[in-house]
Amino acid sequence: MIVANRLPVDRVEQPDGSRGWRSSPGGLVAALEPVLRANDGVWLGWTGGADETGADTEPFESDGLRLVPIPMSSEDIEEFYEGFSNATLWPLYHDLVAKPAFHREWWESYQRVNQRFAERAAEVAAEGATVWVHDYQLQLVPRMLRELRPDLRIGFYLHIPFPPAELFQQLPWRRQLLEGLLGADLVGFQLPGAAQNFVRLVRQRVGHKTHRDLVYLPDGRTVRAAAYPISIDWEGYQELARSEGVVKRAKEIREALGNPRTVFLGCDRLDYTKGIYARLRAFGELISDGHLDVEDAVFVQVAVPSREQVEQYKILRDDIDRLVGRLNGDLGQIGRPAISYLHSSYPREEMAALYRAADIMVVTPYRDGMNLVAKEYVACRLDNDGALVLSEFAGAAEELRQAWLVNPYDLNGMKAALLEAHTADERELTRRMKAMRRTVAQHDVAAWAEGYMADLANAGDHHAKPLRPLKSR
Ligand code: F6P
């Protein structure tokens, strides 16, 4: 059983007014679908809309997947999703890039909604089933579920960074969250540093004995915390990038941009952690300094609308709108804007065409769990060309060492890296891209899911005798 905040389908209105579902084929769905099918699995999650009655709980099937909807009222959406998940935990876990808001009502709502997920999972799970809980919205579920169903094997995976103790301990409910996660047999993170942060916090704040990646609980259970860097459907992206439709569309995109010499590209959810503002400023300065010319360089920025009711996201949108307007007004020429700004989401095919059309991909978050866009770009560069400028603070930087790595807080450093990537010769580009392609090909999303599931199968021991306590470190 997969338990995640969202189901892998979007609700769509049929022409006759009835309700229907369209699968949203993200990387995670592609990875987990085969595991679910092979194990007669089910996916539990929110449908994405408000349900004031809470009655919409009937399991249904979509494209052969068994799905169990968890209803949320508009109050749940405001307090649990927009509030505690995205205005408290999200900024706290991303290095305080924005100031987290701590509200006791939001915490109440987070507990209530996590309990709802846990109770429904407990009702639906078969005897001795394996349950894999995902992400920061559901950190209390492992413990709540274990209390209801001690027979289950429970895994948890955090898709976003896990902060250092110095930041995490600001949270008024820090101990409860740690104890929530300790309900799992295996707690997975993107990077080893995050797993270490977690184990250290458990030792300091909950007082359990720990040794390397293991936590020893007083009831005899052992919890493991380890890193499993997530990845993409490598074969799927390769196939897409080589398809006739995508090749043709990439050519059309470059033509529509006026066939410039260099296309820079940024693709992000419109989120303040992504560093969109600073990267556009860096590009603008390269033009105003005379290093680049709007006649032969353009920056295409795709900003996917996200969490639009949350205050910080509204402010960011206005800031970016203003910056793009100013840069285009100051630097653009007729038919040649400096920035081609698209506030919209696009299907995978269009994204693959954009990756193919772009000479330089710019991924500069202030903090990011992994950043799959960087890996998708690499997968679509079938000819080993194109450059990746990547923030040191994206999880992907630990694997994609041959990118031009930048500190997104250092504007001059970013400008220098953009210029270097712009002037790099073909040999240099090929050398870097080849190495990055090898890395991503070897560590695709299927390997990620298999690696995690194999470790979960071996993790924990429900019937273990209490372990001899280790000397506390
Ligand atoms: O990266 C964390 C994450 O929750 C992803 O799982 C998700 O695709 C993305 O952020 C967008 O989240 P939301 O569900 O808030 O639209």
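Conventions used here
- Residues numbered from 1 in each chain as written.
- Predicted model: local features only at pLDDT ≥ 70, side-chain atom pairs only at ≥ 80, totals over all residues.
- Heavy atoms only, no water.
- Helix = DSSP H or I, 4+ residues; strand = E, 2+ residues; numbered from the N terminus.
- Rg over C-alpha atoms; globule rule 2.2 N^0.38 Å.
- Buried < 20%, exposed > 50% of the residue type's maximum accessible area, 1.4 Å probe, protein only.
- Contact = heavy atoms within 4.5 Å.
- Areas by Shrake-Rupley, 256 points an atom, 1.4 Å probe, with all protein chains shown as cover.
- Lys, Arg positive; Asp, Glu negative; His and termini not counted.
- Charge placed at Lys NZ, Arg CZ, Asp CG, Glu CD.
- Near = heavy atom within 4 Å.
- Polar contact = N/O pair within 3.5 Å; in protein donor to acceptor, adjacent residues only side chain to side chain.
- Nonpolar A, V, L, I, M, F, W, Y, C, P; charged D, E, K, R; others polar.
- Phe/Tyr/Trp six-rings, centres within 6.5 Å; stacked < 30°, edge-to-face > 60°.
- pLDDT = per-residue confidence, 0-100.
- Core = buried A, V, L, I, M, F, W, Y, C linked by side-chain atoms within 4.5 Å.
- Domains from an automatic or database assignment.
- Axes fitted to C-alpha atoms, helices over the stretch in contact; angles between N-to-C directions.
- Left-handed = near helix turned anticlockwise from the far one by under 90°.
- Pairing = 2+ DSSP bridges.
- Salt bridge = Lys/Arg side-chain N within 4 Å of Asp/Glu carboxyl O.
- Right-handed = clockwise from strand over helix to strand, strands pointing away.

**Considering the overall build of the protein chain**
Along its length, the protein chain carries 16 helices and 18 strands. The globule rule puts the C-alpha radius of gyration for 473 residues at 23 Å, and the 23 Å found for the protein chain is close to it. Expressed as a percentage of its 473 residues, the buried residues of the protein chain come to 55%. The long-range share in the protein chain, meaning contacts at least 24 apart out of those at least 6 apart in sequence, stands at 75%. Summed over its atoms, the accessible surface of the protein chain is roughly 20,500 Å², and 47% of this surface lies on carbon and sulfur atoms. If you average the places of the 57 positive and of the 68 negative side-chain charges in the protein chain, the two averages end up 6 Å apart.

**Considering the site of the ligand**
In the vicinity of the ligand, the contacting residues are Arg6, Tyr81, Trp90, Asp135, Tyr136, Gln137, Ile160, Arg269 and Arg307. Tyrosine 81 is positioned such that a nitrogen or oxygen atom in its side chain is 2.5 Å from an oxygen atom of the ligand. Taking arginine 307, its side chain carries an N or O atom lying 2.9 Å from an oxygen atom of the ligand. Protein coverage of the free-state accessible area of the ligand, which is 390 Å², stands at 64%. For the shell around the ligand, a count of residues per class yields 4 nonpolar, 1 polar and 4 charged.

**A look at the packing of aromatic side chains**
Aromatic rings considered in pairs are described by the distance between their centres and by the relative angle of their planes. By the definition in use, this model includes 26 aromatic pairs. Seen from their ring centres, tyrosine 93 and phenylalanine 162 are 5.5 Å apart, and the 75 degrees between their planes marks the pair as edge-to-face. With tyrosine 93 in helix α2 (residues 74-93) and phenylalanine 162 in the loop between β8 (153-157) and α5 (165-168), the pair connects residues that are 69 residues apart, well separated along the chain. No difference in accessibility class separates tyrosine 93 from phenylalanine 162, as the two residues are buried.

**What about the confidence of the model for the protein chain?**
Scored by pLDDT, the protein chain has a mean of 94; 96% of the residues are at 70 or more. Segment residues 462-473: pLDDT under 50, and 20 contacts once partners within four positions in sequence are set aside and those in other chains are kept.

**A short note on the nonpolar core**
In terms of nonpolar packing, the biggest core is built from 104 residues, with Phe162 and Phe198 touching the most fellow members. The biggest single contributor to this core is α2, with 9 residues. Both domain 1 (2-230 + 449-457) and domain 2 (234-442) contribute no fewer than three residues apiece to this core. Once you skip the residues sitting within four places of it in the chain, phenylalanine 162 turns out to touch Tyr93, Phe168, Leu178, Phe189, Ala194, Asn197, Phe198 and Leu201. Among the nonpolar cores identified, the runner-up in size contains 65 residues, and Ile232, Ile253, Met351 and Ala394 belong to it.

**A closer look at the packing of helix α10 (residues 276-288) against helix α14 (residues 411-423)**
Their axes nearest at 9 Å, the elements α10 and α14 cross at an angle of 65 degrees. Once α10 is placed against α14, the crossing between them reads as right-handed. Side by side, α10 and α14 meet where Ala278, Arg279, Arg281, Ala282, Phe283, Glu285 and Leu286 of the first sit next to Leu411, Met414, Lys415, Leu418 and Leu419 of the second. In terms of residue class, the contact of α10 with α14 is made up of 8 nonpolar, no polar and 4 charged.

**Focus on the sheet that holds strand β16 (residues 360-363)**
Sheets are built from strands paired through backbone hydrogen bonds, the pairs being either parallel or antiparallel. Taken in spatial order, the 6 strands make up an open sheet running β15-β14-β13-β16-β17-β18, and their pairing is parallel. Across the chains shown, the open sheet's two edge strands, defined by having one partner strand only, are β15 (339-342) and β18 (404-406). Strand-to-strand twist in this sheet, taken as the mean axis angle between neighbours without regard to direction, amounts to 20 degrees. With respect to the sheet, helix α11 (residues 311-331) is in contact with β13 (262-269) and β15, its orientation differing from that of β15 by roughly 150 degrees. Relative to β16, helix α13 (residues 372-380) is tilted by about 165 degrees, and along the sheet it contacts β13, β16 and β17 (387-391).

**Section: the domain arrangement of the protein chain**
Interfaces are often sized by the amount of accessible area the parts lose when they come together. Looking at the protein chain, the domain boundaries give domain 1 (2-230 + 449-457) and domain 2 (234-442). For domain 1 versus domain 2, the separation of C-alpha centres amounts to 30 Å. Counting across the interface, domain 1 meets domain 2 through 1 salt bridge. Remark: the boundary between domain 1 and domain 2 carries 6 residue pairs in polar contact (both at pLDDT 80 or more). Take the side of domain 1 that touches domain 2: its biggest share by element is 6 residues, from α2. For the side of domain 1 that touches domain 2, the class distribution of residues is 14 nonpolar, 4 polar and 3 charged.

**Here we look at unusual backbone geometry**
For aspartate 95, which is not glycine, the phi dihedral falls at a positive 60 degrees. Structurally, aspartate 95 is set in the loop between α2 and α3 (104-124).

**Brief notes about the pairing of β13**
With 7 of 8 residues buried, β13 lies mostly within the body of the structure. The parallel pair β13 and strand β14 (residues 297-304) is bridged by α10, and the resulting crossover is right-handed. One ladder, built from 2 bridges, connects β13 with β16; its direction is parallel. Within β16, the position partnered with leucine 265 by the bridge is methionine 361.

**A closer look at helix α8 (residues 234-242)**
Here α8 has its buried residues at Trp234, Gly236, Tyr237, Gln238, Leu240 and Ala241. Each element contacted by the buried residues of α8 is listed here: α9 (244-256), α12 (348-357), α13 and α15 (426-442).

**Let's talk about the sheet that holds strand β4 (residues 42-46)**
A sheet is described by the order of its strands in space; here 10 strands give the open sequence β5-β6-β4-β1-β7-β8-β9-β12-β11-β10, paired in mixed fashion. At either margin of the open sheet sits one strand with a lone partner, and together these are β5 (60-62) and β10 (209-211). Pairwise comparison of adjacent strand axes, ignoring direction, gives a mean angle of 25 degrees for this sheet. As paired strands, β4 and strand β6 (residues 65-70) are joined by 5 bridges and run parallel to one another.

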